[in-house]
2 protein chains.
Amino acid sequence: MRIALSLLLSFSSQYNVLTSPLVEDLHKDGKRLTPQRLKVLNLFENIGSGNHLSAEEVHEKLVKSSSKVSLATIYRTLRLLVKIGLLHELELSEGGHRYELLSNETPDHHHLICIRCGRTEEFESDEVLRAGKIAAKINGFKLIESSLNVRAICPKCI
Amino acid sequence: MRIALSLLLSFSSQYNVLTSPLVEDLHKDGKRLTPQRLKVLNLFENIGSGNHLSAEEVHEKLVKSSSKVSLATIYRTLRLLVKIGLLHELELSEGGHRYELLSNETPDHHHLICIRCGRTEEFESDEVLRAGKIAAKINGFKLIESSLNVRAICPKCI
DNA sequence: CAACAAACTCAAAGCTATTCTCAATAATAA
DNA sequence: TTATTATTGAGAATAGCTTTGAGTTTGTTG
Ligand SMILES: [Mn+2]
Ligand SMILES: [Mn+2]
Ligand SMILES: [Zn+2]
Ligand SMILES: [Zn+2]
């Protein structure tokens, strides 16, 4: 395990994963840092923000990189990473959830989705956020999240 | 059939359904005006805009008003009415599609949804529409529809 | 009104994202 | 190192929405 871990770590980021906030979050809940969890998280970190993967896609990508993790575990891990706050769960279209890395560099943003090929572009808009806030306030709702999905057709698909 | 039709018509609107655009649309496609189709459409007209029904809910409501239409027919009819342009298909949350009457009085609008009880409020926002347009333009996409879904918790559910 | 395709009903089947089961494994604390 | 117990893998099972099929009914046209 020591060896496997350091291989995984090599892809990963700034600090030593073993003492990272991630591990602390996990341990204080009686949860464990497993190679599978690291693989999923590393995939999102390496692929970069702007990607919105389904559980199935995460699975495929890990298989291709000969880092197979079972689909059941991927579902379990995605749920966990969302709860911890490292991933964000999206409903960009039909056919299940998609996940993206939640980072400081990519704050609240919205999505422009090609309904033909699925290509997805991100954009930010304070106006949209404000509109959501106002609507919630007017109706006495406690806002959780507002997301604008723009369905469109990309240049290649026109 | 003549009698059944006029009963249904009594709920309905301005002009004679038999010569309405609806019927023309149907007939020019070899499609037929059936009591079932009228019942579904009338339900949406009577219930008023601002309602967002699932197929199952349409079914329930028709059963309660002793106007039973089979669920299979409801699914086929909803699809038809969307294609004709009388209904709008929404994905407000998980768990299947919802439908709302598409009318001139309720133009493009957005939804504030209570994640606990499902209560849904509508609101309009030019800023949101503009943001969607701009995002599409910048990326060279042809815009189809932009919808802002605000997930929140309503006063009763807090 | 008769002819005929469209549409209806009821029931069964399909779909597919997600969860469950449980024996085997392995991360952690002591 | 050992004991404890969280986690995994593989696939079967689930769940919910939606579609399809067979046989019957009915709207529409001439
Ligand atoms: Mn994104
Ligand atoms: Mn609406
Ligand atoms: Zn495209
Ligand atoms: Zn509520």
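Since the model is a prediction, treat every value here as computed from it, not as a measurement. (Residues numbered from 1 in each chain as written. Chains lettered and ligands numbered in written order. Predicted model: local features only at pLDDT ≥ 70, side-chain atom pairs only at ≥ 80, totals over all residues. Heavy atoms only, no water.)

1. Topic: the packing of helix 3 (residues 35-47) of chain B against helix 5 (residues 71-84) of chain B
Residues and elements named next belong to chain B. Test applied: Interaxial angle, 0 to 180 degrees, is taken between N-to-C directions of lines fitted to C-alpha atoms, where a helix line uses only the stretch in contact. Strands are runs of DSSP state E lasting at least two residues, helices are runs of H or I lasting at least four, and both sets are numbered from the N terminus onward. Oblique is the label for any angle not under 35 degrees, not over 145, and not in the 65 to 115 range, which are roughly parallel, roughly antiparallel and roughly perpendicular in turn. Here is the rule for handedness: rotate from the far helix to the near one, and if that takes an anticlockwise turn smaller than a right angle the crossing is left-handed, while a clockwise turn gives right-handed. Only heavy atoms enter the contact rule, under which two residues are in contact if any of them lie within 4.5 Å. Ten residues, namely Ala, Val, Leu, Ile, Met, Phe, Trp, Tyr, Cys and Pro, are considered nonpolar, four, namely Asp, Glu, Lys and Arg, are considered charged, and the remaining ones, Gly among them, are considered polar.
Axis separation between helix 3 and helix 5 bottoms out at 10 Å; the angle between their running directions is 70°. It follows from the interaxial angle that helix 3 and helix 5 lie roughly perpendicular. Classified by chirality, the crossing of helix 5 by helix 3 is right-handed. Every residue of helix 5 that contacts helix 3 at Gln36, Arg37, Val40, Leu41 and Phe44 is listed here: Thr73, Ile74, Thr77, Leu78, Leu80 and Leu81. Residue classes in the contact of helix 3 with helix 5 are distributed as seven nonpolar, three polar and one charged.

2. A word on the interface of chain B and chain A
Inclusion rule: Accessible surface is computed with a 1.4 Å probe, and the buried area is the amount of it that two parts give up when combined, taken over both parts together. Salt bridges are defined as contacts in which a side-chain nitrogen from Lys or Arg sits within 4 Å of a carboxyl oxygen from Asp or Glu. When DSSP finds two or more bridges between two strands, those strands count as paired.
Across the boundary between the two partners, chain B contributes 36 residues, which contact 36 residues of chain A. Taken over both partners, the interface formed by chain B and chain A buries close to 2900 Å², and the fraction arising from carbon and sulfur atoms is 65%. Summed over the shared surface of chain B and chain A, the number is two salt bridges. Notably, a salt bridge pairs Arg151 of chain B with Glu145 of chain A, separated by 3.3 Å at the nearest N-O pair. Elements with a minimum of two residues in the side of chain B that touches chain A: strand 3 (110-114), strand 4 (120-123), helix 6 (126-138) and strand 5 (142-153) of chain B. Of all the elements, strand 5 of chain B adds the most residues to the side of chain B that touches chain A, at twelve residues. Residue classes in the side of chain B that touches chain A are distributed as 19 nonpolar, nine polar and eight charged. Here strand 5 (residues 142-153) of chain A pairs with strand 5 of chain B via eleven bridges, running antiparallel. For Arg151 of chain A, the partnering residue across the bridge sits in strand 5 of chain B and is Glu145 of chain B.

3. Some words on the side chain of Ser67 of chain B
Inspection of the secondary structure puts Ser67 of chain B in the loop between helix 4 (55-64) and helix 5. Ignoring any residue separated from it by four or fewer positions in sequence, one finds Ser67 of chain B in contact with Lys39 and Leu62 of chain B.

4. Quick word on the domain arrangement of chain A
Residue and element names in this part refer to chain A. Formally: Here the bounds of each domain stem from an automatic or database domain assignment. Two N or O atoms count as a polar contact when they lie within 3.5 Å, although within protein this holds only if one can serve as hydrogen donor and the other as acceptor, and sequence-adjacent residues are included solely when both atoms are side-chain atoms.
Under the domain assignment used here, chain A contains domain 1 (1-105) and domain 2 (106-158). Between domain 1 and domain 2, the residue contacts involve twelve residues of the former and nine residues of the latter. Taken over both partners, the interface formed by domain 1 and domain 2 buries close to 790 Å², and the fraction arising from carbon and sulfur atoms is 43%. When the buried surface of domain 1 facing domain 2 is broken down by residue, His52, Leu92 and Glu105 rank first, second and third, together holding 48% of it. Our count for the contact surface shared by domain 1 and domain 2 stands at zero salt bridges. Counting the contacts that link domain 1 with domain 2 gives seven residue pairs in polar contact (both at pLDDT 80 or more). Broken down by secondary-structure element, the contributors of at least two residues to the side of domain 1 that touches domain 2 are strand 1 (87-90) and strand 2 (98-101). Taken together, the residues that form the side of domain 1 that touches domain 2 break down as three nonpolar, six polar and three charged.

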